[in-house]
Amino acid sequence: MNPSAKSRALFLDRDGVVNHEVGYLYRPSDVRWVEGIIPLCQTAQSLGYKLVVVTNQAGIARGFYTEQDFDSLMHFMRSELSQHNITLDAVYHCPYHPEGLGEYRRDHEDRKPSPGMLLRAARDLSLDLTQSILIGDRCSDIAAANAAGLQQAFLISGTEENLCTGTHRAVSSLAEVEAWLRANL
C-alpha cells in the first residue's frame, strides 16, 4: 500500500451500537455487548477499516462519573475486545454539554451532531472520510457523519422516535452492516 494513501474507518457510536444503552454507563459490570458487534468489527478489520469509537459523554458533564471512570471503562472494553482479536484504533469522546456542570458546561465542536470528533480522527489517523462509514443510533450521529462527508451512515432502528433527516441507511441489526461491508469491498 502506498504509505501516503489514506485509510478508511468504521466509526462506531458507543452506547447503543457497541454496548446496549443503560443510561450513563461507566461501570464494567454494566457492559452488555450489542449482538453482532464482535463479528462486525472482525470483518471490518479484515477489510482494512480502522475502528474508531466516537461518543458523546454527557454523564461526565453532568457529574454522574469522571473522565477517569470513562477511561477505565474504555480500557476494560478494549481488553474484552482484544480477546476476539479486535483492536480499537482510537476512541474519541466529548465530555461537554450545554447543560453540564462547571468547566464541562458548554457547546463544543466535538459534540455530535457537530463533526469535530470525526474530523480530528481523520487528521490523527490519516483517514479518507469519503471512504469511511459510521454506525449510530441517534439522529445526531447521522448529522455528524453527513457534515464530515462520510461515504455511508447507518442508523440502527429503535432509538429515535422521529425520522432522521440527512443521508443514511436504516438497519435493524449490525449483521446488516456487516453484509453491506462484504458486498461493498
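Structure first, text after, so check above.
Predicted model, so just to flag it, every value in this text is computed and none were measured.

**Q** Is there a simple way to think about the packing of helix α1 (residues 37–46) against helix α6 (residues 174–183) in this case?
**A** Any two packed helices are characterised by how steeply their axes cross, that is the angle between the axes, and by the distance between the axes. Relative orientation of the contacting elements α1 and α6 amounts to 15°, with a least axis distance of 9 Å. Looking at the two axes, α1 sits roughly parallel to α6. In the packing of α1 onto α6, the handedness of the crossing is left-handed. Contacts from Ile37, Pro39, Leu40, Thr43 and Ala44 in α1 reach Leu174, Val177, Glu178, Leu181 and Arg182 in α6. For the contact of α1 with α6, the per-class residue count stands at seven nonpolar, one polar and two charged.

**Q** When you look at the sheet that holds strand β2 (residues 49–56) in this model, what are you seeing that I'm missing?
**A** Strand pairs in the sheet, formed through backbone hydrogen bonds, run parallel or antiparallel to each other. Taken together, the six strands give an open sheet; going across it, the order is β3-β2-β1-β4-β5-β6, and neighbouring strands pair in parallel fashion. The strands lining the two open edges of the sheet, one partner per strand, are β3 (90–94) and β6 (169–171). If you compare each strand with its neighbour and ignore which way they point, the axes differ by 20° on average. Taken together, the three bridges between strand β1 (residues 8–12) and strand β4 (residues 133–136) define a ladder with parallel strand orientation. Bridge assignment links leucine 12 to a residue of β4, and that residue is isoleucine 135. Strands in contact with helix α5 (residues 139–148) are β4 and β5 (152–156); relative to β5, the strand with the most contacts, it is inclined by about 180°.

**Q** It is not clear to me how the pairing of β5 should be interpreted in this structure. Could you clarify?
**A** On any regular strand, side chains alternate: one points to one face of the sheet, the next to the other face. Most of β5 sits out of view: five of its five residues are buried. On β5, burial covers both faces: Gln152, Phe154 and Ile156 on one face and Ala153 and Leu155 on the other are all buried. Here β4 pairs with β5 via four bridges, running parallel. If you follow isoleucine 135 over to β5, its bridge partner there is phenylalanine 154. For the segment spanning β4, α5 and β5, crossover handedness is right-handed. Bridging between β5 and β6 involves three bridges; their strand directions are parallel. Residue pairing for β6: leucine 155 is matched across the bridge by alanine 170.

**Q** Sorry, what's going on with the state of the cysteines here?
**A** Here, disulfide denotes a covalent bond that connects the sulfur atoms of two cysteines. Here the structure, examined in full by the defined rule, presents one disulfide. The disulfide bridge from cysteine 139 ends at cysteine 164, spanning 2.0 Å between sulfur atoms. Torsion about the S-S bond of the cysteine 139 and cysteine 164 cystine: about -85°, corresponding to left-handed handedness. Of the two residues, cysteine 139 sits in helix α5 while cysteine 164 sits in the loop between β5 and β6, which places them 25 residues apart along the sequence. Residue classification places cysteine 139 among the partly exposed residues on the basis of a relative accessible area of 22%.

**Q** Looking at this structure, how should I read the pattern of salt bridges?
**A** Once their charged atoms are close, side chains differing in charge can pair, the charge on each being opposite to the other. This model, assessed by the stated rule, comprises seven salt bridges. Of the charged contacts in the structure, one is a salt bridge between lysine 112 and aspartate 141, with a shortest N-O distance of 2.6 Å. Placement of lysine 112 in the loop between β3 and α4 (116–125) and of aspartate 141 in helix α5 is noted, with a sequence separation of 29 residues between them. Classification of lysine 112 as buried rests on a relative accessible area of 3%.

**Q** Sorry if this is basic, but what is going on with α6 here?
**A** Counting along an α-helix, one turn takes 3.6 residues, and residues three or four places apart therefore face a common direction. By the burial criterion, the buried members of α6 are Leu174, Val177, Glu178, Trp180 and Leu181. Each buried residue of α6 sits inside an arc of 160° when the element is viewed along its axis, so together they form one side. Exposed and facing more than 90 degrees away from the buried side of α6 are Arg182 and Ala183.

Calculation criteria
Residues numbered from 1 in each chain as written. Predicted model: local features only at pLDDT ≥ 70, side-chain atom pairs only at ≥ 80, totals over all residues. Heavy atoms only, no water. Axes fitted to C-alpha atoms, helices over the stretch in contact; angles between N-to-C directions. Helix = DSSP H or I, 4+ residues; strand = E, 2+ residues; numbered from the N terminus. Parallel < 35°, antiparallel > 145°, perpendicular 65-115°, else oblique. Left-handed = near helix turned anticlockwise from the far one by under 90°. Contact = heavy atoms within 4.5 Å. Nonpolar A, V, L, I, M, F, W, Y, C, P; charged D, E, K, R; others polar. Pairing = 2+ DSSP bridges. Buried < 20%, exposed > 50% of the residue type's maximum accessible area, 1.4 Å probe, protein only. Right-handed = clockwise from strand over helix to strand, strands pointing away. Disulfide = S-S within 2.5 Å. Salt bridge = Lys/Arg side-chain N within 4 Å of Asp/Glu carboxyl O. Arc of directions from axis to C-beta.

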